[in-house]
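Spelled out, the chains give:
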Amino acid sequence: MREAISAAAAAELIPDGSTLLIGGFMGVGSPLRMIDALIEAGRKDLTVVANDTAMPGRAIGKLVSVGAIRKAIVSHIGLNPETQAQMISGEMEVELVPQGTLVERIRAGGVGLGGVLTATGIGTPVEEGKQKVEVNGKSYLLELPIKGDFALLAANRADYVGNLEFSLTAHNFNPVMALAAETVIAEPTSIVPIGVIPPDAVKTPGVLIDHLIERAPV
C-alpha cells in the first residue's frame, strides 16, 4: 500500500530549475493542486514540458503569471497573452514543437530511444539546426528525446498501489509522461481500494508512480 502525501510535501521534493513534464490539455487533466503548491513554495526557473500554457489564472497559466517558468516546451502557448508577452520580452524561452512530435519525443525519452524520425517540419523553420536522415529516398528530421526530472500527472482515480485511471482528454499526455521522468507524482481525484479500477481501465501501472497526492477535498 502506497502512502499518500500532501501537495505541499510533494512540492518540497522539487527544486528550483527542475524540468517538469505536466499533463493536461488547456488545463483539463492538469494537476491543479500540485501547481498551486509549487507557486506557494515559490519555485522558479522551471522548464515546463506540456501541450500548452493554458490561460491566465488556470493550470500552467498560473505558473506563467508568477514568472516561475524559464523555458516552456509546448505545441502552442494556449490562450495565454502572458506567455506571449514573456516570449517577446525575453523573460521566457519558448520552444514550439508540433503536437505529435512532442508526444513522440516524450515517448522516446520514456522507452530509451535515441530519437524519432518525422517528416513534420521539413521545409519550415522547424528544421533549422536539426539533423536530416534519408530513408528510402525520403527526408526526415531526427527529433531528440525529452525527459524530465519530475512528471506531474492528474488522474481520475488511483488505487492503493498507485495504478492510475484517466478520464477523457487527460489520456493525451499523462500516460506517456509517466514513462519519461526520474520521479513521477500523481494527483488523483480519488483513491480507491485495489480492484475497484477494472484492470483494462488502468492506463499507468503503479510501478511507475513514486508519490501519490492525497485525494481531493470533498
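See above for the structure.
As a convention, each chain's residues are numbered from 1 in the sequence order in which they are written. Given that this is a predicted model, residues contribute local features only at a pLDDT of at least 70 and side-chain atom pairs are listed and counted only at 80 or more, while totals for whole chains, interfaces and linings are drawn from all residues. Side-chain metrics rest on all non-hydrogen atoms present in the structure, leaving aside hydrogens and water.

**Section: helix H4 (residues 81–89)**
And step 1. The term polar contact refers here to a pair of N or O atoms within 3.5 Å; inside protein, the definition further demands a hydrogen-donor-capable atom paired with an acceptor-capable atom, and it admits residues adjacent in sequence only when both atoms are side-chain atoms. A helix here means a DSSP run of H or I that spans at least four residues, while a strand means a run of E at least two residues long, and both kinds are numbered starting from the N terminus. Two to three positions downstream of the cap, the backbone nitrogen of Glu82 sits 3.0 Å from a side-chain oxygen, assigning the N-cap of H4 to Asn80.
And step 2. Backbone geometry just downstream of H4 places Gly90 in the positive-phi region, at approximately 85 degrees.

**Notes on helix H2 (residues 32–40)**
And step 1. Here's how the labels work: a residue is buried when its accessible area is under 20% of the maximum for its type, exposed when over 50%, partly exposed in between, all with a 1.4 Å probe on protein chains only. Within H2, the full set of buried residues consists of Met34, Ile35, Ala37 and Leu38. Buried positions in H2, seen along its axis, are confined to an arc of 160 degrees and lie on one side of it.
And step 2. Those residues of H2 that are buried are in contact with helix H1 (7–12), strand E2 (19–22), helix H3 (60–65), strand E9 (148–159), strand E11 (181–192) and strand E12 (211–213).
And step 3. Directly beyond the C-terminal end of H2, a positive phi value near 75 degrees is found at Gly42. Regarding the arc, it is the one traced by the directions from the helix axis to the C-beta atoms. Should any heavy atoms of two residues lie within 4.5 Å, those residues are counted as being in contact.

**Remarks on the environment of Asp45**
And step 1. Here Asp45 shows up in the loop between H2 and strand E3 (46–49).
And step 2. The exposure class assigned to Asp45 is partly exposed, which follows from its relative accessible area of 39%.
And step 3. The sequence separation of Asp45 and Thr183 amounts to 138 residues, and the corresponding C-alpha distance is 18 Å.

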